Structures are given as C-alpha cells and as structure tokens.
Amino acid sequence: MIAQTDLNTVIAEEQQIMDLYAPHYRSSTLTNSYPYQLERRNFTDWLVMTLREAGAELADMSVLDVGCGTGEILEHLADRGCSRLTGLDVSSRMLQETTRNLPEADLVNRPVEEYGFGGEQFDLITAAFTVHHLYNPAAFLDLVDRILLPGGWFFLLEYNAASWSRRKLVRNALLKPLVPLRIALKYKNKAALAALDDVPPLFNSAHQQLSYAQLVNAIRTPEHYSLDCITHGLWLPTLKHSLVGTSATDRAITRILETLEGWILPAQAGHFQWVAGRRRLR
C-alpha cells in the first residue's frame, strides 16, 4: 500500500519542478538538447510505423499523451495524421506551453494517479520520459489497464536501467573514446550553447530509472497485452550537452553515430528503451 502522504509529497515536488522548467523546456540543453529532440522524433516514427504495419488508421485513433509536457509528442503525432489528441500533465505551466504549441488538443491538468477520465477510453496512449518520475511506476500501467480500448496500443519512451552504458567496462570501451569529441564540440558550439536557457538538474524524491523487466512486472495483467521492446541510443546521449541542431557538422556527426548504433545495438544495450504494448481483443 502506498502511503498517501508520500504520494502527495512526490506529486507536489514534481509539479513544482515542472512549473519551473516549463518556460525553458524547449530551450535548455538539460531538458531538450538536440539528441533528446531526435529521440522523441525517432520514437514517434517507430510508433507510427508499428501502427501502420498493424493496419491502424492514425486519423481515426483517439490519443492520450501522459505527462505531455509542452506537447512535443502530440505535435509529432499531429504532423503524422493524428487529430483526436488529449494531453495529461501535473504542471499547469507545462500545459500553458502546450496550448500555445498545439491549441487544438484537449488538455487535462491532473496527476496520473488521480485521473479517471470519467469512463472515456483511448485507442493510443503514449508516455515519453514520464514513468520514471512517478512515485509508483505501476500508476501509468494501471491507467492503461483502465482506459485503453481492446485492440488499442500503448507506447513508452524511457531510460533503460539495464543499458550497457551503465556497465563500467563497456562504458570505458565504447563511450570514453568520445570524450575528446565532446570537448571539441562544446568548444565549437560555445556561443550557441551559452545562448540556451540554463536550468538546474532537479528530481523529485521518487525519481528512478527502470529496466524492461521492471516495467513488465509493473503490469498487473501482462497476459492481456502483446509486448515488444527495443533499445536505442548509446553514443548520442553522451553528447547531449554538446551537439546543436543548427550545425551541419553536428547533424552529420549525428547521422554517423545513429548508423553505427543501428549496427551494434542488441537487446538491452541502448540508453533508451522503446516499449510497445497492444491490448488483446480477448
């Protein structure tokens, strides 16, 4: 049983942090550096490809983005044909930014743990960099259990606690060689990086990163879902505070590293994990 006082403390901490970040969320290397922008875009491309391969019509799908922040995932989905968009976030200031970026979306200012939707259900539920902020990661998956339609999909973009980047020997062998490149890029991009907003790294007291196994274990009825997971990103996250998207050189470096990562990333290697779940019809 989760102590309600502890849950309320974490919700209040997260709300305060996200209210602080909201005006700077898209203009800070901490919250939205170029590799993170690419990660959200690539995740959305994979999500859309998965749905289309399954025969889904994006325009017909009702979409909920949990922890929508300033609405970047919703914008990517709108660009790819989704029109019935809802965003949920604990921060009212984040939702003010979402309204400016995506005025046609329905927005709800509530914590994940307190949202029942009054019986409304959705065809597609997404959460990008959200679950690791929750006091209990099962809260998102419990929400999915309540409001995802039979045959519907959920997609998660999360950090991967089982990543090779967390293993000392592998980290030294694969990531340390990038240190000179990171230093050179920071020097080259010094002016562009200095022009970005500076926000402190703040985390609520429940902040945790999870493995795929932990996420699956948090599903109360895993037998109700077909599940898949791939991992993504090994070198690029190392350069997250040094690359800028306005530089042709940086974009070329990014393409090279993405190609190399595509060649070597087996299961569980990547810094990020992309999880897809489809609710069984029966």
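Our subject is the structure that appears above.
A short tour of the structure in this document, coming up.

Calculation criteria
Once a new chain begins, its residue numbering starts again from 1 and follows that chain's sequence as written. In view of the model being predicted, local features appear only for residues whose pLDDT reaches at least 70, and side-chain atom pairs are presented and counted only at 80 or more, with totals across whole chains, interfaces and linings using the full set of residues. Water and hydrogen atoms were dropped before computing side-chain values, which therefore reflect all heavy atoms in the structure. A pair of strands is labelled paired if DSSP reports no fewer than 2 bridges between them. Note on conventions: DSSP H or I runs of at least 4 residues are helices, E runs of at least 2 residues are strands, and numbering of each starts at the N terminus. Axis definition: a line fitted to C-alpha atoms, over the contacting stretch in the case of helices. Angles run 0 to 180 degrees between N-to-C directions. Think of a nonpolar core as a cluster: buried Ala, Val, Leu, Ile, Met, Phe, Trp, Tyr and Cys residues, connected wherever their side-chain atoms sit within 4.5 Å. With a 1.4 Å probe rolled over the protein chains alone, any residue whose accessible area is under 20% of its type maximum counts as buried; one over 50% counts as exposed, and the rest are partly exposed. The criterion used for residue contact is that any of the two residues' heavy atoms lie within 4.5 Å. Polar contacts, as counted here, are pairs of nitrogen or oxygen atoms within 3.5 Å of one another; within protein the pair requires one atom able to donate a hydrogen and one able to accept it, and residues that are adjacent in sequence qualify only if both atoms are side-chain atoms. Multiply 1.5 Å by the residue count of a helix minus one, and that product is the helix's expected span. Here the arc refers to the set of directions running from the helix axis out to each C-beta atom. In what follows, roughly perpendicular refers to angles from 65 to 115 degrees, roughly parallel to angles under 35, roughly antiparallel to angles over 145, and oblique to any angle outside these ranges. Handedness of each helix crossing follows the sense of rotation of the near helix against the far helix: counterclockwise by less than a right angle gives left-handed, clockwise gives right-handed. Residues are grouped as follows: nonpolar covers Ala, Val, Leu, Ile, Met, Phe, Trp, Tyr, Cys and Pro; charged covers Asp, Glu, Lys and Arg; every other residue, Gly included, is treated as polar. Residues forming no salt bridge and having over 30% relative accessible area are the ones grouped into patches, like charges within 9 Å of each other and nonpolar side chains (Val, Leu, Ile, Met, Phe, Trp, Tyr) within 5 Å. To measure how exposed things are, a 1.4 Å probe is used in the Shrake-Rupley method; for residues, cover is taken only from the protein chains shown. In what follows, salt bridge is the name for a side-chain nitrogen of Lys or Arg lying within 4 Å of a carboxyl oxygen of Asp or Glu. Only rings of Phe, Tyr and Trp enter the pairing, Trp through its six-membered ring, and a pair is recorded when the two centres are within 6.5 Å. The plane angle decides the type: under 30 degrees is stacked, over 60 is edge-to-face, the rest tilted. With strands facing away from the observer, any crossover in which the path from the first strand over the helix to the second runs clockwise is taken as right-handed.

## Looking at the sheet that holds strand β4 (residues 122-128)
The strand order across the open sheet formed by seven strands is β3-β2-β1-β4-β5-β7-β6, and the pairing between neighbours is mixed. At either margin of the open sheet sits one strand with a lone partner, and together these are β3 (106-109) and β6 (225-232). On average, adjacent strands in this sheet sit at an angle of 15° to one another, irrespective of strand direction. As paired elements, strand β5 (residues 148-159) and strand β7 (residues 272-279) share seven bridges and run antiparallel to each other. Looking at the pairing, W153 lines up with R278 of β7.

## Structural notes on the nonpolar core
One recurring pattern in soluble globular proteins is that nonpolar side chains are buried together. The biggest cluster of nonpolar side chains holds 30 residues, and the ones touching the most others in it are L64, V66, I125, F140 and F154. The set of elements that each furnish at least two residues to this core consists of β1 (62-66), β4, α6 (138-147), β5, α10 (212-217) and β6. In terms of residues, this core owes the most to one element, α6, which gives seven residues. If near-sequence neighbours (up to four positions away) are discounted, F140 is found in contact with V66, V112, I125, T126, A127, V131, L134, F154 and L156.

## Concerning the side chain of T50
As for its position among the elements, T50 is in helix α3 (residues 34-53). A polar atom in the side chain of T50 sits 2.8 Å from the backbone oxygen of W46. Not counting the four nearest positions on each side in its chain, T50 is found in contact with W153 and F155.

## Some details on the environment of E258
On the secondary structure map, E258 appears in helix α11 (residues 248-264). By relative accessible area, which is 26% here, E258 ends up partly exposed. A sequence separation of 141 residues divides E258 from F117, and the C-alpha atoms of the two residues are 39 Å apart. Those residues within four positions of E258 in sequence are excluded, and the remaining contacts are L38, N42 and L236.

## Some remarks on α11
The end-to-end C-alpha distance of α11 is 25 Å, a good match for the 24 Å that 17 residues give at a rise of 1.5 Å each. Looking only at α11, the buried set comprises D250, I253, T254, L257 and E261. In an axial view of α11, the angular spread of the buried residues amounts to 100°, which keeps them on one side of the axis. Seen from the open side of α11, the exposed residues pointing more than 90 degrees away from its buried face are R255, I256, G262 and W263.

## Things to note about the packing of α3 against α11
For the pair α3 and α11, the least separation of the axes is 12 Å and the interaxial angle reads 50°. One element, α3, and the other, α11, form an angle in the oblique class. Judged by the twist between their axes, the crossing of α3 over α11 is right-handed. From α3, Y34, L38 and N42 reach across to α11, where they touch R251, T254 and E258. Broken down by class, the residue content of the contact of α3 with α11 amounts to two nonpolar, two polar and two charged.

## Describing a nonpolar patch on the surface
Together, I256, L260, W263 and I264 make up an exposed nonpolar region whose accessible area comes to about 430 Å². Here L260 is to be found in helix α11. The class of L260 is partly exposed, set by a relative accessible area of 32%.

## What about the packing of aromatic side chains?
What the rule picks out here adds up to 13 aromatic pairs. Aromatic side chains F43 and W274 sit 6.1 Å apart centroid to centroid with 70° between the ring planes, which places their arrangement in the edge-to-face category. Within this pair, whereas F43 is found in helix α3, its partner W274 is found in strand β7, the two being separated by 231 residues in sequence. With centroids separated by 5.1 Å and ring planes inclined at 40°, the aromatic side chains of F129 and Y159 adopt a geometry described as tilted. Here F129 is found in the loop between β4 and α6, whereas its partner Y159 is found in strand β5, with 30 residues between them in sequence. Using a relative accessible area of 13% as the deciding quantity, one classes Y159 as buried.

## Brief notes about the pairing of β1
Counting buried positions over the five residues of β1 gives five, a clear majority of the element. Here β1 shows no split at all, with S62, L64 and V66 on one side and V63 and D65 on the other all buried. Sheet topology places β1 next to strand β2 (residues 84-89); five bridges connect them, and they run parallel. Residue pairing for β2: V66 is matched across the bridge by L88. Chirality of the crossover, the property in question, places the unit of β1, helix α4 (residues 72-79) and β2 among those that are right-handed. In the sheet, β1 pairs with β4 via three bridges, with the strands oriented parallel. In the sheet register, L64 faces β4, and the bridge partner there is I125.

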